[in-house]
Amino acid sequence: MAAIVSMIVFIILAAATVATVIIAVWTYRRNAQAQLRAAQVQLQLSALGVLQHYLDLAVEHPDLAGPGDERTIDARYAWFAVHALNTAQTLQALVGQHPDWQRAIDAIVRQHRPYLRSGAFVCADFAPGFVDHLRERAPDLRCADEG
């Protein structure tokens, strides 16, 4: 009789242990998913902050924000264009895999194609992957640092 009681206690303890492990794994997975969602939201918020800063600068300098294809590349415009392209590169790194963000990135690049074509753009100041992206969007890109 003691052996039967001992076996029943063992089965109950084993079942409780298995149930505890299952609950622990479920809880861990749920928390990991919540943390991943929170991290994704934080990336989106960071990207919004970066874009908002650029847009604030564009409102502050409307003459530099929409240069047109015949824009003269003076020091002020070069400063603004480099800032815009740094914004695009940062957005590409943070949220470039999202199509909605990719459209915003491409819009920034498109606005500053005159700068990219001018030969004033220093490709070495940017990540190689981003420069490749720029070359796709502006095939006539000319780098200042390409002999």
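The structure under discussion appears in the preceding block.
Basis of the calculations
Residues numbered from 1 in each chain as written. Predicted model: local features only at pLDDT ≥ 70, side-chain atom pairs only at ≥ 80, totals over all residues. Heavy atoms only, no water. Helix = DSSP H or I, 4+ residues; strand = E, 2+ residues; numbered from the N terminus. Buried < 20%, exposed > 50% of the residue type's maximum accessible area, 1.4 Å probe, protein only. Areas by Shrake-Rupley, 256 points an atom, 1.4 Å probe, with all protein chains shown as cover. Lys, Arg positive; Asp, Glu negative; His and termini not counted. Charge placed at Lys NZ, Arg CZ, Asp CG, Glu CD. Expected span 1.5 Å × (residues − 1). Contact = heavy atoms within 4.5 Å. Core = buried A, V, L, I, M, F, W, Y, C linked by side-chain atoms within 4.5 Å. Disulfide = S-S within 2.5 Å. Axes fitted to C-alpha atoms, helices over the stretch in contact; angles between N-to-C directions. Parallel < 35°, antiparallel > 145°, perpendicular 65-115°, else oblique. Left-handed = near helix turned anticlockwise from the far one by under 90°. Polar contact = N/O pair within 3.5 Å; in protein donor to acceptor, adjacent residues only side chain to side chain. Nonpolar A, V, L, I, M, F, W, Y, C, P; charged D, E, K, R; others polar.

K.L.:
Explain the overall build of the protein residue by residue, including any values.
P.N.:
Scanning the protein from terminus to terminus reveals six helices and zero strands. Counting helices and strands in the order they occur from the N terminus, the protein gives α-α-α-α-α-α. C-alpha atoms of the protein, sized along the principal axes, occupy 100 × 35 × 20 Å. By the burial criterion, 29% of the 147 residues in the protein qualify as buried. A total of about 9400 Å² of accessible surface is found on the protein, and carbon and sulfur atoms cover 64% of it. Across the protein, the 12 positively charged side chains and the 14 negatively charged ones have centroids separated by 10 Å.

K.L.:
Outline helix α3 (residues 75-95), listing residues and values.
P.N.:
Counted at 1.5 Å a residue, the expected span for α3 with its 21 residues is 30 Å, and the 30 Å between its end C-alpha atoms agrees. Regarding α3, the residues found buried are Y77, A78, F80, A81, A84, L85, T87, A88, Q89, L91 and V95. The secondary structure elements touched by the buried residues of α3 are α1 (2-60), α2 (62-65), α4 (99-111), α5 (113-118) and α6 (128-137).

K.L.:
Give a description of the nonpolar core that names residues and reports values.
P.N.:
Formed by 31 residues in total, the largest nonpolar core has its most connected members in L85, L116, F121 and L134. At the level of secondary structure, the elements contributing two or more residues to this core comprise α1, α2, α3, α4, α5 and α6. Sorting elements by how many residues they give to this core places α3 first, with nine residues. Leaving out residues up to four positions away in the same chain, L85 has contacts with V109, Y115, L116, F121, F126, F130 and L134.

K.L.:
Would you mind going over α4 in detail, with residue names and values included?
P.N.:
Each α-helix winds once per 3.6 residues, and so residues spaced three or four apart point in a common direction. Over its 13 residues, α4 runs 18 Å from end to end, which matches the ideal 18 Å to within 8%, given 1.5 Å per residue. Taken together, the buried residues of α4 touch α1, α3, α5 and α6.

K.L.:
Tell me about the state of the cysteines, and please be specific about residues and values.
P.N.:
Applying the stated criterion across every chain, the model contains one disulfide. Each sulfur in the disulfide pair C123 and C143 lies 1.6 Å from the other. Its S-S torsion of approximately -60° makes the covalent link between C123 and C143 left-handed. Here C143 lies in the segment after α6 and C123 lies in the loop between α5 and α6, a separation of 20 residues in the sequence. Taken individually, C123 and C143 each receive the classification buried, so the pair is uniform in this respect.

K.L.:
An account of the packing of α1 against α4 is requested, with residue identities and associated values reported.
P.N.:
Two elements in contact, α1 and α4, have axes whose closest approach is 12 Å; the angle formed by their N-to-C orientations is 25°. Judged on the interaxial angle alone, α4 and α1 are roughly parallel. For the pair α1 and α4, the crossing hand works out as left-handed. Side by side, α1 and α4 meet where Q44, A47, L48, L51 and Y54 of the first sit next to W101, I108 and Q111 of the second.

K.L.:
Give a detailed account of the side chain of H133, specifying residues and quantitative values.
P.N.:
Along the chain, H133 turns up in helix α6. Owing to a relative accessible area of 8%, H133 belongs among the buried residues under this scheme. Reaching out from H133, the side chain makes a polar contact with the side chain of Q102 at a distance of 3.1 Å.

K.L.:
Got a sec to walk through the packing of α3 against α6? Specific residues and values, please.
P.N.:
One can describe the packing of α3 onto α6 by two numbers: an axis separation of 10 Å at closest approach and a directional angle of 110°. Classified by the angle between their axes, α3 and α6 sit roughly perpendicular to one another. Crossing of α3 over α6 shows right-handed handedness. Each of L85, A88, Q89 and Q92 in α3 lies in contact with α6, whose residues at this interface are F130, H133 and L134. Each residue belonging to the contact of α3 with α6 can be placed in one class, and the counts come to four nonpolar, three polar and no charged.

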